[in-house]
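For reference, the chains in residue letters:
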Amino acid sequence: MTNENFKGRDFLKLLDFTSEEIEYLVDLAADFKKKKQNGIPVDRLRGRNIALIFEKTSTRTRCSFEVAAHDLGIGTTYLDPSGSQIGKKESIADTARVLASMFDGIEYRGYGQEIVEELAKFSKVPVWNGLTNEFHPTQMLADLLTIRECFGKLKGIKLAYFGDARYNTGNSLMVVGAKMGMDVVLCSSRKYFPDPALVKQCEEIAAKTGGSILLTEDPKEAAKDADVFYTDVWVSMGEPDEVWQERITDLLPYRITSDIMKLGKENAVFMHCLPAFHNLKTGIGEKIHEKYGLNEMEVTDEVFESVQSVVFQEAENRMHTIKAVIAATLGYQK
Ligand code: CP
Ligand code: NVA
């Protein structure tokens, strides 16, 4: 396989890619990471330009796209949540045709998956999903690279995800785990289990790759012998503030604590896509503390700051993996 297999393709969700293609992108990212560490330039895409549309806020994804593009020699234009006509004065189809006439690739972060799919349908240049309500595929490549760095393999790794399992992160971990032959356990209250149609699709994929999917309400069952403990915020971007109370009640039993981590393997790691509510040093964290008395939410500060936590390695890997996606789809020649 070479970058030619990816040239001109969209990167909208990992269901669209084979296990071999996903592995190829992770390998390419590992290669870019090594080159960056050794100061080897990779700016072979000079003269290209990409548009970064963010209808929701971001730290990691935006910075990863900007730094990765810069390293590859590509220029970027950032459109912030209020700084474009998209959806308000101009349809997605028209936006796609305008941007595709000026740029070589378009990143989109926003709401429904159908929006990024529509953008891709009308764009003649690659469209990359920088997070929708349903999927977060660039996050998954970073997670795979991190897991591989920690354990030297993906196949057979038991990944236990705790919390809101029916949103972008939970859905995507299930998809990518199935594709890569991992044993994925999604642990939550039944209300937050993923869409049954997606679960079925992932079970069928897992049956072919030797992986497995398990949904459970029992944290002990999920944690037993896990290699990777993973969680995400309880309320995602774009969801109304009113859902906090219910989420706290429903998801508090699924917080990752050191007691839960102890049930995993001895060398288990803690992962989180970030941002995380693990202390009171955020505006929302403080507000939740005042209203509900919680000092930490989806993960305890103890676990977040422990030696088992690989969250900052994971965050750095966002940049290397996003670089791989941009490079492969824009035809970077090694
Ligand atoms: N994990 C992630 O996507 O972070 P940002 O929202 O900061 O981009
Ligand atoms: N589920 C989170 C992921 C953030 C990277 C959100 O959508 O806000």
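Refer to the structure above for everything that follows.
Summary of the structure given here. (Residues numbered from 1 in each chain as written. Chains lettered and ligands numbered in written order. Predicted model: local features only at pLDDT ≥ 70, side-chain atom pairs only at ≥ 80, totals over all residues. Heavy atoms only, no water.)

### Describing the pattern of salt bridges
Here is step 1: Counted under the stated rule, the structure contains 22 salt bridges.
Here is step 2: Its salt-bridge partner being Glu239, residue Arg166 comes within 3.2 Å of it at the nearest N-O pair. Linking Arg166 in the loop between β5 (158-162) and α6 (168-179) with Glu239 in the loop between β8 (228-231) and α9 (244-251), this pair joins segments that are 73 residues apart in sequence.
Here is step 3: With a relative accessible area of 26%, Arg166 lands in the partly exposed category. (Salt bridge = Lys/Arg side-chain N within 4 Å of Asp/Glu carboxyl O. Helix = DSSP H or I, 4+ residues; strand = E, 2+ residues; numbered from the N terminus. Buried < 20%, exposed > 50% of the residue type's maximum accessible area, 1.4 Å probe, protein only.)

### Notes on the packing of aromatic side chains
Here is step 1: In the structure shown here, the tally under the stated rule is 10 aromatic pairs.
Here is step 2: Ring geometry for Phe162 versus Phe229: centroids 6.0 Å apart, planes at 5°, classification stacked. One end of the pair, Phe162, is in strand β5; the other, Phe229, is in strand β8, and 67 residues separate them in sequence. There is no split in this pair, since Phe162 and Phe229 are both buried.
Here is step 3: With centroids separated by 6.1 Å and ring planes inclined at 70°, the aromatic side chains of Trp244 and Phe277 adopt a geometry described as edge-to-face. Highlighted residues: Trp244 in helix α9 and Phe277 in the loop between β9 (269-272) and α11 (283-292), separated in sequence by 33 residues.
Here is step 4: Judged by relative accessible area, Trp244 falls into the buried class, the value being 7%.
Here is step 5: Using a relative accessible area of 12% as the deciding quantity, one classes Phe277 as buried.
Here is step 6: Cluster of aromatic residues (ring-pair linked, three or more members): Phe6, Phe11, Phe17 and Tyr24. (Phe/Tyr/Trp six-rings, centres within 6.5 Å; stacked < 30°, edge-to-face > 60°.)

### A few points about the sheet that holds strand β7 (residues 212-216)
Here is step 1: Spatial ordering of the open sheet is given by β7-β6-β5-β8-β9, a layout of 5 strands whose pairing is parallel. If you trace the sheet from one side to the other, it starts and ends with β7 and β9, each paired once. With direction set aside, neighbouring strand axes in the sheet form an average angle of 20°. (Pairing = 2+ DSSP bridges. Axes fitted to C-alpha atoms, helices over the stretch in contact; angles between N-to-C directions.)

### Some details on the site of ligand 2
Here is step 1: Taken together, Leu131, His136, Asn168, Thr169, Asp232, Val233, Ser236, Met237, Cys273 and Leu274 make up the full set of residues adjacent to ligand 2.
Here is step 2: In this structure, Asp232 approaches ligand 2 through a side-chain N or O atom, which is 2.6 Å from a nitrogen atom.
Here is step 3: Here an oxygen atom of ligand 2 sits 2.8 Å away from a polar atom, N or O, in the main chain of Met237.
Here is step 4: Considering only residue class, the shell around ligand 2 consists of 5 nonpolar, 4 polar and 1 charged. (Near = heavy atom within 4 Å. Polar contact = N/O pair within 3.5 Å; in protein donor to acceptor, adjacent residues only side chain to side chain. Nonpolar A, V, L, I, M, F, W, Y, C, P; charged D, E, K, R; others polar.)

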